[in-house]
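The chain contents come next:
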Amino acid sequence: MIVLMKKNCTQQNVEAIVQLLKEYGLGANLSTGSQATVVGVLGDKTKLGGVNLELMDGVEKCVPIMHSYKLASRDMVPEGRTVQVGTVTFGGKKLVMIAGPCAVENQEQILQAAEGVKAAGAAMLRGGAFKPRTSPYSFQGTEEEGLKMLRRAGDETGLPVVSEVTDHEQLAFAEKYCDMFQIGARNMQNFRLLRAVGRTGIPVLLKRGIASTIEEWLDAAEYIMSEGNSSVVLCERGIRTFETATRNTLDVSAVPVIRERSSLPIIVDPSHAAGKASYVRALALAGVAAGADGLIVEVHPNPKKAMSDAAQQLTPKAYTALFQTAVKVAEAVGRTL
Ligand code: PEP
Ligand code: MN
């Protein structure tokens, strides 16, 4: 349930609600927008018994939240949330362009990639050090050494870095190197991992599961947020369908659906949806046109030699061309890059 406060309510009115909720063993999530203040009631509202919050001073009305996810819902923060990663803001007018290789392979490779994507205009660097591969015999990533290389490339180019964590035991050392944690599609419902990243306070990029509904995805975000970390950015990366011409099917509709149902920013990953470099640009532009808050694109200095996802990675040159076209599409939908 959310408590919508009157436009002219006082600070004391809001505090009285929060205090009362506390007395009944409930939490409160405050959202002070330019239109109105909203108090989200956290916990089982039946604990309130017969107490009618609508009778309290400064309250406009109480609205039940029908979804299982509450903190992630749009009702809780009607204006939408922004997520800050260093100086980069997700959810503002400016889109966040993240780019970099699928995997951190060595220092030279990640540095070259960082320099290439930075020159193209990217705001953040990606690079996986723990690779969740379908086969146990495939390259599994450069692990902590890879994170160190990624950090160095980020520092040298001034780009904040995002990298995937696949196990809660990695968090203690991974937080020394990452500005943002990525939870990959395969781990979207690894609830222990979700809770653990929720306790770190480090911003999280939560990819949609390979065959997850939007509702399940938002419930996964709720796991992170319920531990006190509301810096969650959603990432649509394609879902598994009957179609085999592409690696996955980019669900562009997820962008407006998320925007309607959730307060969280959403970005699009055209690379894992396409699975093929020549399709990436079209999907990226579709994401921007649909209203995504950013893109995460795989870029490798030499895609043919990539140790993972070679077919879908762009050269820095192709990424630069994509970026320049995305500027125009963003402008057409009232955004900037
Ligand atoms: C990745 O970003 O390299 C990755 C493995 O993504 P996903 O979890 O979306 O498959
Ligand atoms: Mn990849």
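Residues numbered from 1 in each chain as written. Chains lettered and ligands numbered in written order. Predicted model: local features only at pLDDT ≥ 70, side-chain atom pairs only at ≥ 80, totals over all residues. Heavy atoms only, no water.

(A) The sheet that holds strand S3 (residues 37–42), seen in detail. Within the open sheet, the four strands sit side by side as S2-S3-S1-S4. Their pairing is antiparallel. Of all strands in the sheet, those with a lone pairing partner are strand S2 (27–32) and strand S4 (59–63), marking the two edges. The mean angle between the axes of side-by-side strands here comes to 20 degrees, regardless of whether they run parallel or antiparallel. As paired elements, strand S1 (residues 2–5) and S4 share four bridges and run antiparallel to each other. Bridge pairing in S4 links Ile-2 to Val-63. (Pairing = 2+ DSSP bridges. Helix = DSSP H or I, 4+ residues; strand = E, 2+ residues; numbered from the N terminus. Axes fitted to C-alpha atoms, helices over the stretch in contact; angles between N-to-C directions.)

(B) Summary view of the environment of Ala-277. Considering the arrangement of structural elements, one finds Ala-277 in helix H9 (residues 277–290). Residue classification places Ala-277 among the partly exposed residues on the basis of a relative accessible area of 25%. Spatially, the C-alpha atoms of Ala-277 and Glu-298 are 9.2 Å apart, while their sequence positions differ by 21 residues. Ignoring anything within four residues of it in the chain, the contact list for Ala-277 reads Ala-311, Gln-312, Gln-313 and Leu-314. (Buried < 20%, exposed > 50% of the residue type's maximum accessible area, 1.4 Å probe, protein only. Contact = heavy atoms within 4.5 Å.)

(C) The arrangement of the nonpolar core in detail. If you look at the biggest cluster of nonpolar residues, it comprises 75 residues, and the most contacted ones within it are Leu-125, Val-197, Leu-206, Trp-217, Leu-234 and Tyr-319. Broken down by element, the residue count for this core peaks at seven residues, all from helix H6 (residues 214–225). If you look at the next biggest cluster of nonpolar residues, it comprises 15 residues, including Leu-20, Val-41, Val-59 and Cys-62. (Core = buried A, V, L, I, M, F, W, Y, C linked by side-chain atoms within 4.5 Å.)

(D) Geometry of the domain arrangement of the protein. Examined at the domain level, the protein breaks down into domain 1 (2–63) and domain 2 (83–332). Distance between the C-alpha centres of domain 1 and domain 2: 36 Å. (Domains from an automatic or database assignment.)

(E) Region of the structure containing the coordination of the manganese ion (ligand 2). The coordination sphere of the manganese ion (ligand 2) contains the protein donors Cys-102 (SG), His-272 (NE2), Glu-298 (OE) and Asp-309 (OD), at a distance range of 2.1 to 2.4 Å. What makes Glu-298 buried here is its relative accessible area of 1%. When its relative accessible area of 17% is taken as the criterion, Asp-309 is described as buried. (Donors = N, O, S within 2.8 Å, 3.2 Å for Na, K, Ca; no water.)

(F) Region of interest: the side chain of Glu-298. In this fold, Glu-298 is placed in strand S14 (residues 294–298). A polar atom in the side chain of Glu-298 sits 3.4 Å from the side chain of Arg-126. There is a polar contact of 2.8 Å between the side chain of Glu-298 and the side chain of Gln-312. When residues no more than four places from it in sequence are discounted, the contact partners of Glu-298 are Gly-100, Cys-102, Arg-126, Ser-271, His-272, Asp-309, Gln-312, Gln-313 and Leu-314. (Polar contact = N/O pair within 3.5 Å; in protein donor to acceptor, adjacent residues only side chain to side chain.)

(G) Quick peek at the site of ligand 1. Around ligand 1, a shell composed of Cys-102, Arg-126, Lys-131, Glu-164, Gln-182, Gly-184, Ala-185, Arg-186, Lys-207, Arg-237, His-272 and Glu-298 is seen. One of the side-chain N or O atoms of His-272 is found 3.1 Å from an oxygen atom in ligand 1. For ligand 1, an oxygen atom lies 3.3 Å from a polar atom in the side chain of Glu-298. Compared with its free state, where it exposes 300 Å², ligand 1 has 97% of that area covered by protein. Using a 2 Å cut-off from the grid points, one finds that ligand 1 occupies the largest pocket. In terms of residue class, the shell around ligand 1 is built from two nonpolar, three polar and seven charged. (Near = heavy atom within 4 Å. Areas by Shrake-Rupley, 256 points an atom, 1.4 Å probe, with all protein chains shown as cover. 1 Å grid on protein atoms, 1.4 Å probe; cavity = no way out; pocket = protein on both sides within 12 Å on 5 of 7 lines; lining within 4 Å. Sits in = over half its atoms within 2 Å of the grid points. Nonpolar A, V, L, I, M, F, W, Y, C, P; charged D, E, K, R; others polar.)

(H) Spatial organisation of the packing of helix H5 (residues 191–200) against H6. Their axes nearest at 7 Å, the elements H5 and H6 cross at an angle of 45 degrees. One finds that H5 runs oblique with respect to H6. Counted together, Phe-191, Leu-194, Arg-195, Val-197 and Gly-198 of H5 and Ala-220, Tyr-223 and Ile-224 of H6 form the full contact between these two elements. (Parallel < 35°, antiparallel > 145°, perpendicular 65-115°, else oblique.)

(I) Highlighting the side chain of Asn-187. Within the element layout of this structure, Asn-187 appears in the loop between strand S10 (180–183) and H5. Beyond its immediate stretch of four places on either side in the chain, Asn-187 contacts Glu-164, Val-165, Thr-166, Leu-193 and Leu-194.

(J) Representation of the packing of helix H2 (residues 107–120) against helix H10 (residues 316–332) within the structure. Two elements in contact, H2 and H10, have axes separated by 9 Å at closest approach and are oriented at 20 degrees. Considering the angle they form, H2 stands roughly parallel to H10. Both H2 and H10 take part in a crossing whose hand is right-handed. Mapping the contact onto sequence places Gly-116, Val-117 and Ala-120 in H2 and Pro-316, Tyr-319, Thr-320 and Phe-323 in H10. Considered class by class, the residues forming the contact of H2 with H10 number five nonpolar, two polar and no charged. (Left-handed = near helix turned anticlockwise from the far one by under 90°.)

(K) A look at helix H3 (residues 143–157). With 15 residues, H3 should cover 21 Å at 1.5 Å per step; its first-to-last C-alpha distance of 21 Å lies within 8% of that length. Along H3, the positions that sit buried rather than exposed are Gly-146, Leu-147, Met-149, Leu-150, Arg-151, Ala-153, Gly-154 and Thr-157. Next to the buried residues of H3 lie H2, strand S8 (124–126), strand S9 (161–164) and helix H4 (171–174). A positive backbone phi angle near 75 degrees is found at Gly-158, which sits one or two residues after H3. (Expected span 1.5 Å × (residues − 1).)

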